[in-house]
Amino acid sequence: MNSLSRGLFNPYFSHIYIEEALAGKEETEEVLRHFPHAVKVKISHYKDVFCRSRQDCALQKQSPSLILAAKQEHLIYPGAPVCQDFGNRHFYYTSCVMNCVYDCEYCYLQGMYPSSHMVVFLNLEDVFVQTEILLKDHPVYLCISYDTDLLALEPVFGCVRRWISFAAAHPSLTIEIRTKSAGFHYIGDLAPLQNVIFAWTLSPEEVCQAFERHTPSLHARLASAAAAADRGWPIRLCFDPLLYIKDWKRLYQELVSTVFQTLSPDSIKDASIGVFRVSSEYLKRMKQRRPVSVLLHYPYENENGVCYYGKERTEELTREMQRLLLAYLPEEKLFIWRS
Amino acid sequence: MVYITAALYCEAMPFIRQLGLKKVTAETKYQLFTNEQFLLMVTGSGPVAAAGAVSRLFTQYPPSDSDLLINFGICASSDSGVRYGTLFYCNRINDAAAGRTYYPDMLWKHPFTEGTVTTFGSPVKYDGLPRDGSLADMEAAAVYQIGSLYLHPHQMAFFKAVSDHGADSDRLTPQAVSDLLMPHVKPVTDWAAAAASCLPAPCIFSGQDRALTEDTADKLFLSAAMKHQLFSLLYYYKLAHGEIGGLLSEFWADTDAGKINCRKKGKKYFEQLKQRII
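Overview of the structure. Note that the coordinates shown come from a computational prediction; the quantities given were computed from them, not determined experimentally.

## Thoughts on the overall build of chain B
Right, on to step 1. Scanning chain B from terminus to terminus reveals 8 helices and 10 strands.
Right, on to step 2. Relative to a compact globule of 278 residues, whose C-alpha radius of gyration would be 19 Å, chain B shows 26 Å and is clearly more extended.
Right, on to step 3. In terms of principal-axis extent, the alpha carbons of chain B reach across some 85 × 35 × 35 Å.
Right, on to step 4. Every one of the 278 residues in chain B was classed for burial, and the buried ones make up 54%.
Right, on to step 5. Sequence separation of at least 24 residues holds for 70% of the intrachain contacts in chain B that already meet a minimum separation of 6.
Right, on to step 6. Of the roughly 12,300 Å² that chain B leaves accessible, carbon and sulfur atoms contribute 53%.
Right, on to step 7. Distance between charge centroids for chain B: 8 Å, based on 26 positive and 27 negative side chains.

## What to know about the environment of K259 of chain B
All names here are of chain B.
Right, on to step 1. Here K259 lies in the loop between α7 (245–253) and α8 (263–277).
Right, on to step 2. Taking the C-alpha atoms as reference points, K259 and A7, separated by 252 residues in sequence, lie 65 Å from one another.
Right, on to step 3. What K259 contacts, discounting residues up to four positions off in sequence, is K265 and Y269.

## Let's talk about the sheet that holds strand β15 (residues 278–279) of chain A
All names here are of chain A.
Right, on to step 1. If you walk across this open sheet you meet the 3 strands as β15-β17-β16, and the pairing is antiparallel. In this open sheet, the two edge strands, each paired with only one partner strand, are β15 and β16 (301–303).
Right, on to step 2. Summarising the sheet, β15 and strand β17 (residues 306–308) pair through 2 bridges and their orientation is antiparallel. The partner of V278 across the bridge, within β17, is C307.

## So, the packing of helix α10 (residues 218–231) of chain A against helix α11 (residues 248–262) of chain A
Residues and elements named next belong to chain A.
Right, on to step 1. Taken N-terminus to C-terminus, the directions of α10 and α11 make an angle of 35°; their axes are 10 Å apart at the nearest point. As for the relative orientation of α10 and α11, their crossing is right-handed in sense. Contacts between α10 and α11 involve L218, H219, L222 and A226 from the first element and L255, T258, V259 and T262 from the second.
Right, on to step 2. Class assignment for the residues of the contact of α10 with α11 results in 5 nonpolar, 3 polar and no charged.

## Description of the pattern of salt bridges
Close approach of charged atoms allows side chains of opposite charge to pair.
All names here are of chain A.
Right, on to step 1. For the structure on display, the rule yields 26 salt bridges over all chains.
Right, on to step 2. Here R290 makes a salt bridge to D103, at a shortest N to O gap of 2.5 Å. One end of the pair, R290, is in the loop between α12 (280–289) and β16; the other, D103, is in strand β7 (residues 103–104), with 187 residues separating them in the sequence. Here R290 matches D103 in class, with each residue buried.
Right, on to step 3. With its nearest N and O atoms 2.6 Å apart, the salt bridge here joins D270 to R236. Remark: R236 occurs in strand β13 (residues 235–242) and D270 occurs in strand β14 (residues 268–275); sequence separation between them is 34 residues. Of the two residues, D270 and R236, both sit in the buried class.
Right, on to step 4. One continuous salt-bridge network, built from bridges that share partners, spans E176, R178, R236 and D270.

## Remarks on the environment of G87 of chain A
Right, on to step 1. Take G87 of chain A: it is sitting in the loop between β4 (77–78) and β5 (91–93).
Right, on to step 2. For G87 of chain A, a relative accessible area of 64% puts it in the exposed group.

## Thoughts on the pairing of strand β3 (residues 31–34) of chain B
Two faces belong to every sheet, and in a regular strand the side chains alternate between them.
Residues and elements named next belong to chain B.
Right, on to step 1. In the sheet, strand β2 (residues 22–23) pairs with β3 via 2 bridges, with the strands oriented antiparallel. Directly across from K22, in β3, lies its bridge partner T34.
Right, on to step 2. As defined by bridge partners, β3 adjoins strand β4 (residues 38–42) across 4 bridges and the pair is classed as antiparallel. Each bridged residue has a counterpart across the sheet, and for F33 the counterpart in β4 is L40.
Right, on to step 3. Taking the residues that link successive antiparallel strands as the turn, the β3-β4 hairpin has 3 residues.

Criteria and thresholds
Residues numbered from 1 in each chain as written. Chains lettered and ligands numbered in written order. Predicted model: local features only at pLDDT ≥ 70, side-chain atom pairs only at ≥ 80, totals over all residues. Heavy atoms only, no water. Helix = DSSP H or I, 4+ residues; strand = E, 2+ residues; numbered from the N terminus. Rg over C-alpha atoms; globule rule 2.2 N^0.38 Å. Buried < 20%, exposed > 50% of the residue type's maximum accessible area, 1.4 Å probe, protein only. Contact = heavy atoms within 4.5 Å. Areas by Shrake-Rupley, 256 points an atom, 1.4 Å probe, with all protein chains shown as cover. Lys, Arg positive; Asp, Glu negative; His and termini not counted. Charge placed at Lys NZ, Arg CZ, Asp CG, Glu CD. Pairing = 2+ DSSP bridges. Axes fitted to C-alpha atoms, helices over the stretch in contact; angles between N-to-C directions. Left-handed = near helix turned anticlockwise from the far one by under 90°. Nonpolar A, V, L, I, M, F, W, Y, C, P; charged D, E, K, R; others polar. Salt bridge = Lys/Arg side-chain N within 4 Å of Asp/Glu carboxyl O.

Encoded structure:
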């Protein structure tokens, strides 16, 4: 898509679809205040727009609409096998937002959802109730920002602030907020909690530029992570996905070196390492949606429905990253995805 | 290509005249007009006629991902404050009979006022018009339904110009309808041509690439599954390196094709080719 044609697309969230049941509600109006020029369209259910057949997710990414909805079912899911549990037995995730403002070429959301429009569920209180039910039985480790980047959306939706407030009242709940955002300052005034982990996904600057469209630079992410660490928040570093690209050894070596020039190893709670991996069904759809992506059309190996670089190459990437990180972090702080 | 459907000839006439469209005489069932960029079909009035016509249009002239469909015509509005001739670009289409609603993707910038249209099976008088500000027509929902079998939701655009307020439709002559729509032809077609120009039509693998792939698969005695794997590998190689001809020339220069006379041997050499690609 050339820059001339990009000028023909509507800006982000030029259209906001609103479930009829939410029309006029305070939380809806609060969101709409941020988009005074958007065209508002009433819908009966978010799936009427989000689940239409034959949507072109790649084009929609140029001009995503916003869908305001209330989630009725599946408020909390058990953690997926391709995700790391960081040693937590009761591992769950929840999606109060579906889809992301960023446009990462390797993102599994392209294979998971039928649309690139962003759905925001405004009934966060219902998720809190569901979390409290789980907490009655056991501690809960809950990832709240897997299928989106909540911190990047904080100025509009304020979900992170509300989750932190909920976590403060529930010490047996640990939440992970995964992000590529440089927006720690949105919640920088809050007192740190040891049961709220900010997890920054870090990639070499070359990867940020080539494959992580619209994301902040590596330096901006690190500055944000450093600000959070300085305030005393637990920080997780996610070197995930590792990509097998030209010069990968040098790129990841420089990445680790840059990271620890900015962040003190002592301020890091833990770090994760994982190569690019995705379900074969998702990858099939991702390839259809990005027919010119070298990254996605790589001949991945399919092992039990999960596509990845294969044992040998995975081991090579993982071992090198582990070696680099062990210069700064003890082994018990490293969590590694293995096939 | 920009496909245009209009229910009546008098709704199509402004396009035919301004775009200089010529009649396609080979089409005997419907009135069809074309030039290099536009293809216009007069569908007939009502949802059944519109559905049949769009089905015929796309069967005879299959659209691609880089095409656009415009449904254009007159409509009624219960709002007497809306002036005759006001044009709406519809972001919501209700099907009054089925109780369903459709939403075309609104990805492109445009200069039009947006609105909702409700499709009825027969002309609606004032008392039957939607009271929620929605316009009333007789084709949009049917065009969307059939169109969505062939097109993505962003490839369909619905333009409706208000011709009456339900009680006054009898005054409309074909000439009055054409006059009402004429000023909208240029803005709509300019917009459609610009939007269609940025619809992607990536064609990574050329006919020559396919022929090279077929030839390699034949020489290696590959099964259907292995052939598919070869295609995926060469597709990746083309994306990464820009062409596959050099790779295959070098491979066959180093390989004695005459020695490969069965699938077992072909498989061995296929593995060698894979090593060169990954």
